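# Summary of structural features
Letter by letter, the chains look like this.
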Amino acid sequence: MANETTVPALPCRSIDEIEEFYTALGFIRTYRQVRPSPYLALRREDIHLHFFAMPGFNPEDSYGTCIITVPDTGVLFRAFAEGMRSAYGKLLISGIPRMTRPRKRKNADNLAGFTVVDPGGNWLRIFPSSTDAIQQEPPAGRLATALRNAVVMGDSRGDHQQAAKILDGALARAQDPPSVDLVEALLYRAEMAIALSDRERAGELLTRVREMPLDASARERLSESLAGADDLEAILAAGRAEPQAGCGSER
């Protein structure tokens, strides 16, 4: 039988915070129930997600996950990013909720996937639906290989500390790597620094990227990544604008 539909039902702490988050990403509510058990159904075009609230649920302990395949991960990422910037003033790249950028995944046939971790701690792993997007050839350079390994740890597993460790070692050993590989590695390391609350290190890495001489070809290949650098700098700028503890902050 064809044309079956599968809809994941994922756990959460509050259907209110789930609805607020996904509404920012362009989803609409199709069903909501408060009693006897909180339940929420959301839809964005052909993506359907359902959620149920659990008393005492801790998003950090969630194992909820699902895989979503779409024709173009870049298009969906940009739509999500626009909604996130509008609702939160920046991309959320650390903590819960957060979103990663589309990157080729060594552990997924080099498909350029990205991940959304929602307020319930659920991981939406988003990949292109076309098998034409699969690229079997491994990256040629050592630094590019290290970056792929770091992405598996940081984006796929959420182990930002290990991802940073992999890149620190690779960057220290790198000798005249291709400029594109170096910029990609530095930017991902800066993202991991922000995720690890090391804003000073992130700033140093972004400054290094901005000061690198790049020819027109390299800039074209790095256009999406350099746009990501703008997002990282906006996050750092927003952090500097926040009130500091002891000066009226409630943190």
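Read on for an overview of the structure. (Residues numbered from 1 in each chain as written. Predicted model: local features only at pLDDT ≥ 70, side-chain atom pairs only at ≥ 80, totals over all residues. Heavy atoms only, no water.)

## Observations concerning the nonpolar core
- Formed by 65 residues in total, the largest nonpolar core has its most connected members in Y22, F80, M99 and V116.
- Beyond its immediate sequence surroundings of up to four residues, M99 is in contact with F77, F80, A81, M84, L91, L92, I93, F114, T115 and V116. (Core = buried A, V, L, I, M, F, W, Y, C linked by side-chain atoms within 4.5 Å. Buried < 20%, exposed > 50% of the residue type's maximum accessible area, 1.4 Å probe, protein only. Contact = heavy atoms within 4.5 Å.)

## Here's the deal with the sheet that holds strand 1 (residues 9-12)
- Within the open sheet, the four strands sit side by side as 1-4-3-2. Their pairing is mixed. The outermost strands of the open sheet, each flanked by one partner alone, are strand 1 and strand 2 (28-33). When strand polarity is set aside, the average angle formed by the axes of neighbouring strands in this sheet is 25°.
- In terms of strand pairing, strand 2 meets strand 3 (residues 39-44) through five bridges, oriented antiparallel. When the bridges of strand 3 are listed, Y31 appears paired with A41.
- Lying on the sheet, helix 1 (residues 15-24) is in contact with strand 1, strand 2, strand 3 and strand 4 (47-53); it crosses strand 3 at an angle near 5°. (Pairing = 2+ DSSP bridges. Helix = DSSP H or I, 4+ residues; strand = E, 2+ residues; numbered from the N terminus. Axes fitted to C-alpha atoms, helices over the stretch in contact; angles between N-to-C directions.)

## Let's talk about helix 2 (residues 73-88)
- For helix 2, with 16 residues, the first-to-last C-alpha span of 22 Å sits near the 22 Å given by 1.5 Å per residue.
- Inspection of helix 2 places T73, G74, L76, F77, F80, A81, G83 and M84 among the buried residues, and these make up the whole buried set.
- Its side-chain oxygen placed 2.8 Å from the backbone nitrogen of G74, D72 serves as the N-cap of helix 2.
- Downstream of helix 2 by one or two residues, G89 has phi in the positive range, about 80°. (Expected span 1.5 Å × (residues − 1). Polar contact = N/O pair within 3.5 Å; in protein donor to acceptor, adjacent residues only side chain to side chain.)

## Looking at the pattern of salt bridges
- Counted according to the given criterion, the structure contains 13 salt bridges.
- One salt bridge in this structure joins R201 and D168, with 3.6 Å as the shortest N-O distance. Of this pair, R201 sits in helix 6 (residues 199-210) while D168 sits in helix 4 (residues 160-173), and the two are 33 residues apart along the sequence.
- With its nearest N and O atoms 2.4 Å apart, the salt bridge here joins D230 to R210. Note that D230 is positioned in helix 8 (residues 223-241) and R210 in helix 6, a separation of 20 residues in sequence.
- The class of D230 is partly exposed, set by a relative accessible area of 42%.
- When salt bridges that share partners are traced, they join D16, E19, R29 and R32 into one network. (Salt bridge = Lys/Arg side-chain N within 4 Å of Asp/Glu carboxyl O.)

## Describing the packing of helix 4 against helix 5 (residues 179-195)
- Their axes nearest at 9 Å, the elements helix 4 and helix 5 cross at an angle of 145°. Considering only the axes of helix 4 and helix 5, their crossing is left-handed. For the pair formed by helix 4 and helix 5, the contact residues are H160, A163, A164, L167, D168 and L171 on the first element and L182, A185, L186, Y188, R189, M192 and A195 on the second.
- In terms of residue class, the contact of helix 4 with helix 5 is made up of ten nonpolar, one polar and two charged. (Left-handed = near helix turned anticlockwise from the far one by under 90°. Nonpolar A, V, L, I, M, F, W, Y, C, P; charged D, E, K, R; others polar.)

## Here's the deal with the packing of helix 3 (residues 142-156) against helix 5
- It is at 9 Å that the axes of helix 3 and helix 5 come closest, and there the two elements cross at 25°. It follows that helix 3 is roughly parallel to helix 5 by the angle criterion. The interaxial crossing formed by helix 3 with helix 5 has left-handed handedness. Contacts between helix 3 and helix 5 involve L143, A144, L147, A150, V151, G154 and D155 on the former and, on the latter, D181, L182, E184, A185, Y188 and M192.
- Partitioning the contact of helix 3 with helix 5 into residue classes produces nine nonpolar, one polar and three charged. (Parallel < 35°, antiparallel > 145°, perpendicular 65-115°, else oblique.)

## So, the layout of surface pockets
- Quantified by volume, the second largest pocket comes out at close to 470 Å³.
- The wall of the second largest pocket is formed by 20 residues, among which D46, I47, I68, T69 and V70 lie closest to the centre.
- Every element with two or more residues in the lining of the second largest pocket is listed here: strand 4, strand 5 (65-70) and helix 2.
- Ranked by residue count, the leading element in the lining of the second largest pocket is strand 5, at five residues.
- Partitioned by chemical class, the residues of the lining of the second largest pocket number twelve nonpolar, four polar and four charged. (1 Å grid on protein atoms, 1.4 Å probe; cavity = no way out; pocket = protein on both sides within 12 Å on 5 of 7 lines; lining within 4 Å. Points joined across faces, edges and corners; volume = space filled by probe spheres on them.)

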